[in-house]
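# Secondary and tertiary structure notes
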Amino acid sequence: MKRIIFLWLGFVAMVAVNAQEATKICDKTAATLKAAKNVKIGFTLEADGGNTAGNTGYIKLSGQKFVVNMGGTITWFDGKTMWSYVKKNEEVNVTTPTAAEVAKMNPYAFLSFYKKGYTAKMGQSTAKEHEVVLTGSEGSEYEKVVMRVNKATNEPTYLKTTSAKGVVTVIRCNSLVKNQKYTDATFCFNKKNYPKAEVVDLR
């Protein structure tokens, strides 16, 4: 009986250490992006196993503000208001999004709330990359998040998210440029640049 108890306690201790290591990696990654201040991340997007061709884009980040450009669609968020532009429709929807809606548009948003409602553990790390697996509790935006982080730079290289509804999205980071010069206007829709677009205010 004592042997079983000792084995169980050892297992519990290993799980705790594993979780602590995973959380520290998330902390370092979040701190790295925050310290970089204004960043531009080039990425390739694959949703539900679809072909990645044509799904390349970039995201500009500055704190909670961001711009996501996928060519045919552009989303701006200034910390309060979101503008979503669809080129083929020449239409812009203006909304005041919820935290969940912001998370859907900004793939790195979870780095600001992963400690709330998520359990972290180490995945299949390699010589160059850490892999962290985050499992969401009931009510979380994501059921599961798999993140790979460059060990040398603490920068994210890969994100695989599974939503509560089972939608799988894979994002591969192709480039990350730090200390960009952005202004508040960077994160707002400018009608002058899209004169043909119809603005639909849904607030």
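Conventions adopted
- Residues numbered from 1 in each chain as written.
- Predicted model: local features only at pLDDT ≥ 70, side-chain atom pairs only at ≥ 80, totals over all residues.
- Heavy atoms only, no water.
- Helix = DSSP H or I, 4+ residues; strand = E, 2+ residues; numbered from the N terminus.
- Buried < 20%, exposed > 50% of the residue type's maximum accessible area, 1.4 Å probe, protein only.
- Contact = heavy atoms within 4.5 Å.
- Areas by Shrake-Rupley, 256 points an atom, 1.4 Å probe, with all protein chains shown as cover.
- Salt bridge = Lys/Arg side-chain N within 4 Å of Asp/Glu carboxyl O.
- Pairing = 2+ DSSP bridges.
- Axes fitted to C-alpha atoms, helices over the stretch in contact; angles between N-to-C directions.
- Core = buried A, V, L, I, M, F, W, Y, C linked by side-chain atoms within 4.5 Å.
- pLDDT = per-residue confidence, 0-100.
- Phe/Tyr/Trp six-rings, centres within 6.5 Å; stacked < 30°, edge-to-face > 60°.
- Lys NZ or Arg CZ within 6 Å of the ring centre and 35° of its normal.

## Describing the overall build of the protein
- What the protein contains, in helices and strands, is two helices and twelve strands.
- Its helices and strands taken in sequence order, the protein reads α-β-β-β-β-β-β-α-β-β-β-β-β-β from the N to the C terminus.
- Looking at the protein as a whole, 37% of its 203 residues are labelled buried.
- A sequence separation of at least 24 residues applies to 47% of the contacts in the protein between residues at least 6 apart.
- For the protein, the accessible surface area stands at approximately 12200 Å², while carbon and sulfur atoms represent 54% of it.

## Here we look at the environment of Lys37
- By secondary structure assignment, the location of Lys37 is in the loop between helix 1 (2–35) and strand 1 (39–47).
- Exposure remark for Lys37: the relative accessible area of 59% places this residue in the exposed category.
- Lys37 sits 145 residues away from Tyr182 along the chain, and the two C-alpha atoms are 10.0 Å apart.

## Considerations on the pattern of salt bridges
- Within the structure shown, the criterion is met by five salt bridges.
- Across the pair Asp184 and Lys65 runs a salt bridge whose closest N-O atoms are separated by 3.0 Å. On the criterion of sequence distance, the pair formed by Asp184 in the loop between strand 11 (168–177) and strand 12 (198–201) and Lys65 in strand 3 (residues 65–69) is long-range, its members being 119 residues apart.
- On the basis of relative accessible area, Lys65 is assigned to the partly exposed category, the value being 25%.
- Taking the shortest distance from any N to any O, the salt bridge between Lys178 and Glu155 comes out at 3.3 Å.

## Describing the sheet that holds strand 11
- Taken in spatial order, the twelve strands of this open sheet run 7-8-9-10-11-1-2-3-4-5-6-12, and their pairing is mixed. Each edge of the open sheet is held by one strand with a lone partner, namely strand 7 (118–122) and strand 12. Pairwise comparison of adjacent strand axes, ignoring direction, gives a mean angle of 20° for this sheet.
- In terms of strand pairing, strand 8 (residues 129–136) meets strand 9 (residues 142–150) through seven bridges, oriented antiparallel.

## Thoughts on the nonpolar core
- One finds Ile41, Ile59, Phe66, Tyr108, Phe110 and Leu134 to be the most contacted residues of the largest nonpolar core, which totals 35 residues.
- Look past the residues within four positions of Leu134 in its chain and what remains in contact with it is Cys26, Phe110, Tyr114, Tyr118, Thr119, Ala120, Glu143, Lys144 and Val145.
- Counting residues in hydrophobic clusters, the runner-up holds twelve residues, among them Trp76, Tyr85, Val94 and Ala197.

## Focus on the confidence of the model for the protein
- Overall, the predicted model of the protein reaches an average pLDDT of 84, with 88% of residues at or above 70.
- Mean pLDDT across the elements of the protein bottoms out in helix 1 (63) and peaks in strand 6 (residues 91–95) (96).
- Low pLDDT, under 50, characterises residues 1–17; the predicted model gives this stretch zero contacts beyond four residues in sequence or across chains.

## Considering the packing of aromatic side chains
- Following the criterion strictly, the structure yields six aromatic pairs and no others.
- Plain terms: the ring middles of Trp76 and Tyr194 are 5.7 Å apart, the flat faces sit at 75° to each other, and that makes the pair edge-to-face. Note that Trp76 is positioned in strand 4 (residues 73–77) and Tyr194 in the loop between strand 11 and strand 12, a separation of 118 residues in sequence. Taken individually, Trp76 and Tyr194 each receive the classification buried, so the pair is uniform in this respect.
- For the pair Tyr182 and Phe187, a centre-to-centre distance of 5.6 Å together with 85° between the ring planes defines the contact as edge-to-face. Phe187 shares its class with Tyr182; the two are buried.
- Among the aromatic residues, ring-to-ring pairing joins Trp76, Tyr85, Phe189 and Tyr194 into one connected group.
- The ring of Tyr58 has Lys40 lying over it, and the distance from NZ or CZ to the ring centre is 4.4 Å.
- If you follow Arg148 out to its NZ or CZ, it ends over the ring of Tyr158, 4.0 Å from the centre.

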